[in-house]
Amino acid sequence: MRVVEPVVELARGLWTTFRMMVDKPVTIQYPEQKKPVKPRFRGRHVLKRYDNGLEKCIGCALCAAACPADAIFVESSENTDEVRYSPGDRYASTYEINMLRCIFCGFCEDACPTEAIVLGDQYELSFTDRRQSIYPKEMLIDPVPEGISPTPQKTRPGEFTRSVPEMKDPVD
Amino acid sequence: MNFLLVLEWLIKGFVWALVLLGGFAYLTLYERKALARIQSRVGPNRAGPWGILQPIADAVKLIFKEELTPAKADKVIFTLAPVITVVPAVIITAVVPWGPSFNIFGYHLTLYIADINVGVLYIMSVASIAVYGIVLAGWSSNNKYAMMGGLRSSAQMISYEIALGLSFVSAILLAGSMRMLDIVSAQSGYWFHFIPKWFVLLQPVGTAIFLIATLAEVNRAPFDMPEAEQELTAGYHTEYSGMKFALLFMAEYTKMIAISAIGATVFFGGFNGPFVDQYPWLGPVYIFVKIIILLFGMIWVRATFPRIRYDRLMAFGWKVLLPLSLALVFITAVGIILAQHYENPSLLGIIPMASLLVAGVAVAMIDRTLRRKDYARR
């Protein structure tokens, strides 16, 4: 004979939901308040530069080859010492990512031999026209650090012959 | 029948209809806010401060939405069904008094629209008209889900209407009248100078049955079978859009307000409260507060309990609530006869005690049935 327990069980259920009313809401008021993303968050791609202002991307198109969604298009051209974009022989004269195709898997990041392409923190990627879905190199690349001349730079001959830098163990 | 009386009726009817329709709009906001708080969310807060303009935004959106009528639907009934659903929901509260009568500028003002001597009967009959709207909406949509939703709702409403009516009967017996004003005045006064003479204390189990049966009557969770999303897409209003959908939605929420107002009147003392005799304007305030609390109860139950299975819903209505409410009518009648026979009102105290005893037996029996292994498998 259980008379009180079933009623108490119902009341316990009600009390549980009622108690939740005093909890602080977990809501984040999005456009005004933004939650910082996690260190390994995969947002919009960023093309990195070296400290001296040269682009890390050498136009090898390994990212395009690794891309499972075929979202990346790379066209490379020759560097010279007078017109130098990146170390080594070649640079990416065109670098486009179709954001409608990209699935943010990060394979491009893994494939890159120079750590030039990185999936960054930016996640507000809405656009109103499908033509705007193609992000050209100018949108993706990091700005030149202050006090450093922008690419193309004029460099001394024989200084930037190595296109892939010496790598350390990867960090987040 | 003079001009002033007609004017008074017009104004009161207009005001009450506005209160119901505005109340419907803000009940949606109230529900969304309360549910959000229970679920650790904030709820609508963009349209105006604290989201108070949200109902207006919803209304504008629904008005400008495209009205779709299915090609093979029965067009006349399809259009008429929302109207049939809304009208009873709005007129059902006409008999609910929302304050004591008082004199203002030498004019005797009564705070109710109609004073019918069979008020409770009126409520029951009007409430059962609403089911036609839902059944017709389901049938005329020419859609199997809508049809099943409509059928379910008719079966459910008819089943629970009996329990609802019988729980009213104990209140009628205690008040000795079907007039809503008599029921309210029977609940005025205090025992031992501080316990209000509300029927919820004389007939707690009857009140519980009333509250459960009303949830089923207005198709609210956990008895929202007719619109069980997981099984029937949206039930009887699957094919409705735009303003027709808004009317069905309005009927549901207006019925919630109406049924809360009726419950507050019949079991929770209506407009009675401290100092209501000296200050008549407190009456509407008290009944408003009681309605708000009962509505919160409905929202709270929705946030807590999962939807129960359809066969168990019917079993609960017919095998538990109906016999239990019949027993309560018997107990109430016996208690009243004893109190009258021995001319000792304190004998009324056996009504709540015997009711709770019977309810305890019912709970124990339900519990035993639910624990039987073959029942769980079924």
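Counting restarts for each chain: residues are numbered from 1 in the order of the written sequence. The naming scheme follows written order: chains are lettered A onward, ligands numbered 1 onward. Under the rules for a predicted model, residues below a pLDDT of 70 receive no local features and side-chain atom pairs below 80 are neither given nor counted, while totals for whole chains, interfaces and linings still include all residues. Calculation of side-chain values draws on the structure's entire complement of heavy atoms; hydrogens and water are dropped beforehand.

Caption draft 1: Structural view of the overall build of chain B. In DSSP terms, a helix is any run of H or I states spanning at least four residues, a strand is any run of E spanning at least two, and both are numbered starting from the N terminus. Helix and strand content of chain B: 14 helices and four strands. Radius of gyration: over C-alpha atoms. The globule rule applied is 2.2 Å multiplied by the number of residues raised to the 0.38 power. Since a compact globule built from 378 residues should have a radius of gyration of about 21 Å, the 22 Å found for chain B is in line with a globular shape. Viewed in the frame of its principal axes, chain B has a C-alpha envelope of about 70 × 65 × 45 Å. Whether a residue is buried, partly exposed or exposed follows from its accessible area with a 1.4 Å probe, protein chains only, as a fraction of its type maximum: under 20%, in between, or over 50%, in that order. When the 378 residues of chain B are sorted by exposure, 49% land in the buried category. Note on contacts: a residue pair is in contact if any heavy atoms of the two residues lie within 4.5 Å. Taking contacts inside chain B between residues at least 6 apart in sequence as the whole, the part at least 24 apart equals 75%.

Caption draft 2: Structural view of the interface of chain A and chain B. Taken together, the 23 residues of chain A in the interface contact 19 residues of chain B. Carbon and sulfur atoms supply 62% of the area buried between chain A and chain B, which totals about 1,700 Å² over both sides. Throughout, buried area stands for the accessible area (probe radius 1.4 Å) lost by two parts on being put together, summed over both. It is A:Arg2, A:Leu14 and A:Met21 in chain A that bury the most area against chain B; as a group they hold 32% of the surface buried on that side. By convention in these notes, a salt bridge is any Lys or Arg side-chain nitrogen within 4 Å of a carboxyl oxygen on Asp or Glu. Summed over the shared surface of chain A and chain B, the number is two salt bridges. Residue B:Asp367 is joined to A:Arg2 by a salt bridge in which the shortest nitrogen-to-oxygen separation is 2.9 Å.

Caption draft 3: Up close: helix H5 (residues 144–175) of chain B. Residues and elements named next belong to chain B. For H5, which comprises 32 residues, the first-to-last C-alpha distance of 46 Å matches the rise-based estimate of 46 Å (1.5 Å per residue) to within 8%. By the N-cap criterion, in which a side-chain oxygen at the helix start approaches the backbone nitrogen of a residue two or three places on, H5 is capped by asparagine 143, the distance to tyrosine 145 being 2.7 Å. Count one or two residues on from H5 and you reach glycine 176, which has phi positive near 75°. Helices are assigned an expected span. That span is 1.5 Å times one less than the residue count. Any pair of nitrogen or oxygen atoms within 3.5 Å is treated as a polar contact; in protein, a donor-acceptor pairing is required on top of that, and neighbouring residues in sequence qualify only through side-chain atoms on both sides.

Caption draft 4: Broad picture of the side chain of A:Lys56. All names here are of chain A. Mapped onto the secondary structure, lysine 56 falls in the loop between strand E1 (45–47) and helix H2 (62–66). In this tally, Lys and Arg are treated as positive and Asp and Glu as negative; His is ignored, and so are the chain termini. Although lysine 56 is buried, it makes no salt bridge; glutamate 115 carries the closest opposite charge, 4.9 Å away. Apart from residues no more than four positions distant in its own chain, lysine 56 is found in contact with Lys48, Arg49, Tyr50, Thr114, Glu115 and Ala116.

Caption draft 5: Summary view of the sheet that holds strand E3 (residues 90–98) of chain A. Residue and element names in this part refer to chain A. Strand pairing follows a simple DSSP-based rule, namely that at least 2 bridges must link the two strands. An order of E2-E3-E5 is seen for the three strands of this open sheet, with the pairing classed as antiparallel. Two strands in the sheet have a free side with no partner beyond their single neighbour: strand E2 (72–78) and strand E5 (134–135). Sheet topology places E3 next to E5; two bridges connect them, and they run antiparallel. Bridge pairing in E5 links asparagine 98 to isoleucine 134.

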